Amino acid sequence: MRIFWKQLLLYLSILVISLAFLGLVLSRAIGSYMTDQRMTALTESVVRVARSFESVVFNMQVYGDINIDPFVLQIENLNDLLDANVGLVLEDYIAISWGMDDISIPASYIEAVMDGETVILSGSFNITNQESILIAGHPIIIGNRVVGAALVSISMAELEGAITGMHQTTLISLAVAVLFGSILIYMSSRAITRPLRQMNEAAGVIAGGVFEKRIPIHSKDEVGQLATQFNTMAESLHVQENIRRSFIANLSHDIRSPLTSILGFMKAIQDGTVSPTQQPYYVEIVLDETERLIKLSNDLLDIHRLQDAELELTKTSFDINKLIRKTIMGFEQRATDKKITVSSRFAHEIDIVLADEDKIQRCLHNLIDNAIKFTPEVGQITVETTVTGKKVTVSITDNGRGMDIEEQKHVFDRFFKGDTSRNEDKRGSGLGLSIAQEFIRAHGETITLESAPKKGSTFQFTLAVADNAE
C-alpha cells in the first residue's frame with residue numbers, strides 16, 4: 001500500500017475515532033445536564049407547591065376559613081410554565097389532582113414522601129399511554145407534623161425529544177467535521193507525500209544512470225530539507241559520474257599511450273629498425289613509460305585500499321625537515337628542466353614528528369609533483385615548516401596559475417582533473433591529491449588549500465610533534 005493511503009487512512013481513523021469519542025462524551029454530558037436541570041426545576045416547583053399548601057392550611061387553622069384561589073392560580077401558572085401536573089395527597093390519603101388522574105404512583109413512593117422525604121421518581125406510570133414521566137414529591141409539614149404530600153409530574157417526552165435532537169445535531173456536526181477534516185487531511189497527505197513520491201521516481205531514474213533528475217522544492221520543513229539533501233546527493237552523483245567518465249577516458253589514454261610507445265619501441269628494437277647505438281636511448285624511454293604505468297597502478301591500488309579501509313599506519317619519530325629535503329632532491333631534474341626554483345624554509349634545523357614516514361613521503365611527493373606540473377617555466381616553489389604548539393605545519397606554495405572557487409571544491413576528489421589543467425597534467429591520473437588527503441586524515445590531521453586564479457596555490461597539512469605522542 002502506498003504511503004499516501006497509509007497516512008490518509010491513519011489520519012482519518014484518528015479523526016473519526018477522536019470526534020466520535022468527543023461526540024459521545026459531549027452528548028452524554030449535555031443529556032445528563034439537561035436532565036439534572038429539569039429535575040432541579042421540578043424539585044423547586046414541588047417545594048413551592050408544598051409551601052403554598054402549607055400557607056393555605058395555616059390560614060385555615062388560624063382564621064377558620066381558607067381562600068384557595070391564589071393557590072389554584074399558582075398551580076395553573078406552574079402547569080403552564082413547566083407543562084406539569086400537580087397532585088396533593090392529604091394525611092388520610094385523600095388525593096386532589098390537577099392533571100394527574102391517569103398517573104398511577106406506587107404506594108411506597110407516597111409513603112416515603114409522607115415520612116418526610118423529598119423523592120424524585122421516573123418511569124412509565126401513565127395508565128393510558130405508558131409514556132415516561134418524571135415525578136417529584138415533597139412533604140407538606142404543618143408545625144412538626146407531615147399532613148400531606150405535594151406531587152408534581154412532567155412528561156419526559158419533551159426532554160427525550162430535546163436530547164434526541166441534540167444527538168442528531170451532534171451527529172450532523174461530526175459528519176460535517178469529518179467531511180472537512182477528510183478534505184484537509186487528503187490535501188495535507190498529498191502535499192507531504194508528493195515530494196516523497198517524486199524522490200522515489202527520481203531515485204529510479206538515477207538508478208538507471210540518469211543523474212540530471214532533480215526534485216522541485218516547495219517548502220522548508222523536514223520534507224523540503226530531505227528534498228534539498230536528495231538534490232545535493234544527485235548533484236554529487238552527477239559530478240562523480242562525470243569525474244568517473246573523465247577518469248576512465250583519461251586512464252584509457254594514460255594506459256594506452258605508454259603501452260603503445262613501449263610496443264612500438266620494442267618492435268623497432270626487435271626488427272632492427274633502431275640501430276644499436278640508439279637502443280639505450282629508446283630503452284630509457286621504455287623504462288620511463290614503464291615507471292609511469294607502475295605509478296598509475298600503485299595509485300589505483302592505494303585508492304582501492306582506502307575505499308576498503310585497509311590503510312594501516314606505522315608511526316615512527318623522524319625529522320620532517322630531512323624528509324622534505326630528500327623529497328625535493330627527487331624532483332631536481334624535473335625542476336631543472338622547467339627552470340623552476342624549489343626552495344625550503346624550516347622552523348628549526350630539526351623538527352621531529354610522529355607519523356608514518358612512508359605515507360608522509362608519498363604526500364610530499366604528490367604535493368610537490370602537483371606544484372611542478374602547474375608552475376610555469378622559471379617559476380618558484382617554496383616548501384616551508386612552521387611550529388605552533390604541538391603541531392608542525394608543512395606548506396607547499398607555488399606561483400602557478402592557481403584555481404578558482406569551483407575547482408577548489410573538487411581538487412581533492414578522486415579522479416578529478418580540472419578542465420584548464422588537462423593540457424598541463426598529461427602524466428597525472430587525478431589521484432595524487434586525493435591519496436594525500438586520505439593519508440593525512442588517517443593521521444587525524446588536516447590538509448587545506450588556499451588559491452586564487454593567477455596567484456598560485458598553497459597546500460598545507462599538519463603533523464603532531466613526537467613528544468606529543470602517548
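A brief look at the structure comes next. Nothing here was measured: the structure is a model prediction, and the numbers come from that model. (Residues numbered from 1 in each chain as written. Predicted model: local features only at pLDDT ≥ 70, side-chain atom pairs only at ≥ 80, totals over all residues. Heavy atoms only, no water.)

Things to note about the overall build of the protein
For step 1, the next point in the chain: Tallying secondary structure elements over the protein gives eleven helices and twelve strands in all.
For step 2, the next point in the chain: Out of the 470 residues in the protein, the part that is buried amounts to 38%.
For step 3, the next point in the chain: A separation of at least 24 residues holds for 68% of the contacts in the protein among residues at least 6 apart in sequence.
For step 4, the next point in the chain: Only carbon and sulfur atoms are counted for the fraction: they give 57% of the accessible area of the protein, which is about 26,900 Å². (Helix = DSSP H or I, 4+ residues; strand = E, 2+ residues; numbered from the N terminus. Buried < 20%, exposed > 50% of the residue type's maximum accessible area, 1.4 Å probe, protein only. Contact = heavy atoms within 4.5 Å. Areas by Shrake-Rupley, 256 points an atom, 1.4 Å probe, with all protein chains shown as cover.)

Here's the deal with the environment of D288
For step 1, the next point in the chain: Here D288 shows up in helix 6 (residues 279–307).
For step 2, the next point in the chain: On the basis of relative accessibility, which here comes to 33%, the residue D288 falls in the partly exposed class.
For step 3, the next point in the chain: Taking the C-alpha atoms as reference, D288 lies 9.6 Å from I262; in sequence the two are 26 residues apart.

Some remarks on the environment of S188
For step 1, the next point in the chain: Along the chain, S188 falls in helix 4 (residues 157–207).
For step 2, the next point in the chain: In this structure the C-alpha to C-alpha distance between S188 and Q7, which are 181 residues apart in sequence, comes to 9.8 Å.

Things to note about the sheet that holds strand 7 (residues 341–345)
For step 1, the next point in the chain: Pairing is mixed in the open sheet, where five strands are placed in the order 7-9-10-12-11. One side of each edge strand has no neighbouring strand; the edge strands of this open sheet are strand 7 and strand 11 (447–451). The average undirected angle you get between the axes of adjacent strands in this sheet is 15°.
For step 2, the next point in the chain: Relative to strand 12 (residues 457–464), strand 10 (residues 391–398) runs antiparallel, the two sharing eight bridges. Looking across to strand 12, one finds that D398 is bridged to S457.
For step 3, the next point in the chain: With respect to the sheet, helix 7 (residues 320–330) is in contact with strand 7, strand 9 (380–388), strand 10 and strand 12, its orientation differing from that of strand 9 by roughly 170°. (Pairing = 2+ DSSP bridges. Axes fitted to C-alpha atoms, helices over the stretch in contact; angles between N-to-C directions.)

Focus on the packing of aromatic side chains
For step 1, the next point in the chain: Counted according to the given criterion, the structure contains three aromatic pairs.
For step 2, the next point in the chain: Ring geometry for F265 and Y282: centres 5.0 Å apart, planes at 40°, overall tilted. Here F265 is found in helix 5 (residues 222–270), whereas its partner Y282 is found in helix 6, with 17 residues between them in sequence.
For step 3, the next point in the chain: The class for F265 is partly exposed, based on a relative accessible area of 21%.
For step 4, the next point in the chain: Every member of this aromatic cluster is reached through a ring pair, and the members are F265, Y281 and Y282.
For step 5, the next point in the chain: Positioned above the aromatic ring of F439 is the side chain of K359, whose terminal nitrogen or guanidinium carbon lies 5.8 Å from the ring centre.
For step 6, the next point in the chain: Stacked on the ring of F374, the Lys or Arg R401 has its end atom at 5.4 Å from the ring centre. (Phe/Tyr/Trp six-rings, centres within 6.5 Å; stacked < 30°, edge-to-face > 60°. Lys NZ or Arg CZ within 6 Å of the ring centre and 35° of its normal.)

A look at the nonpolar core
For step 1, the next point in the chain: Ranked by internal contacts, the top residues of the largest apolar core, which has 37 residues, are I320, I360, L364, V394, I396, F459 and F461.
For step 2, the next point in the chain: The set of elements that each furnish at least two residues to this core consists of helix 7, strand 8 (352–355), helix 9 (357–373), strand 9, strand 10, helix 11 (432–442), strand 11 and strand 12.
For step 3, the next point in the chain: For this core, the leading source of residues is helix 9, giving seven residues.
For step 4, the next point in the chain: Beyond its immediate stretch of four places on either side in the chain, F461 contacts I360, L364, L367, V392, T393, V394, I396, I440, T446 and I447.
For step 5, the next point in the chain: Counting residues in hydrophobic clusters, the runner-up holds 21 residues, among them V49, F53, I142 and M156. (Core = buried A, V, L, I, M, F, W, Y, C linked by side-chain atoms within 4.5 Å.)

Some details on unusual backbone geometry
For step 1, the next point in the chain: Phi angles above zero are rare outside glycine, and K339 is one such case at about 60°.
For step 2, the next point in the chain: Taking relative accessible area as the criterion, K339 reaches 56% and is therefore assigned exposed.
For step 3, the next point in the chain: For V378, which is not glycine, the phi torsion reads 60° and is therefore positive.
For step 4, the next point in the chain: Within the fold, V378 resides in the loop between helix 9 and strand 9.

Some points on the environment of M187
For step 1, the next point in the chain: Mapped onto the secondary structure, M187 falls in helix 4.
For step 2, the next point in the chain: Under the relative-accessibility criterion, M187 is labelled exposed at 52%.
For step 3, the next point in the chain: C-alpha separation for the pair M187 and L8, spaced 179 residues apart in sequence, amounts to 9.5 Å.

A look at the packing of helix 9 against helix 11
For step 1, the next point in the chain: Axis separation between helix 9 and helix 11 bottoms out at 9 Å; the angle between their running directions is 145°. Every pair of crossing elements has a handedness; the one defined by helix 9 and helix 11 is left-handed. Residue-level inspection shows K359, I360, R362, C363, N366, L367 and N370 of helix 9 in contact with helix 11, the latter providing G432, L433, I435, A436, F439 and I440.
For step 2, the next point in the chain: Per-class residue counts for the contact of helix 9 with helix 11 are eight nonpolar, three polar and two charged. (Left-handed = near helix turned anticlockwise from the far one by under 90°. Nonpolar A, V, L, I, M, F, W, Y, C, P; charged D, E, K, R; others polar.)

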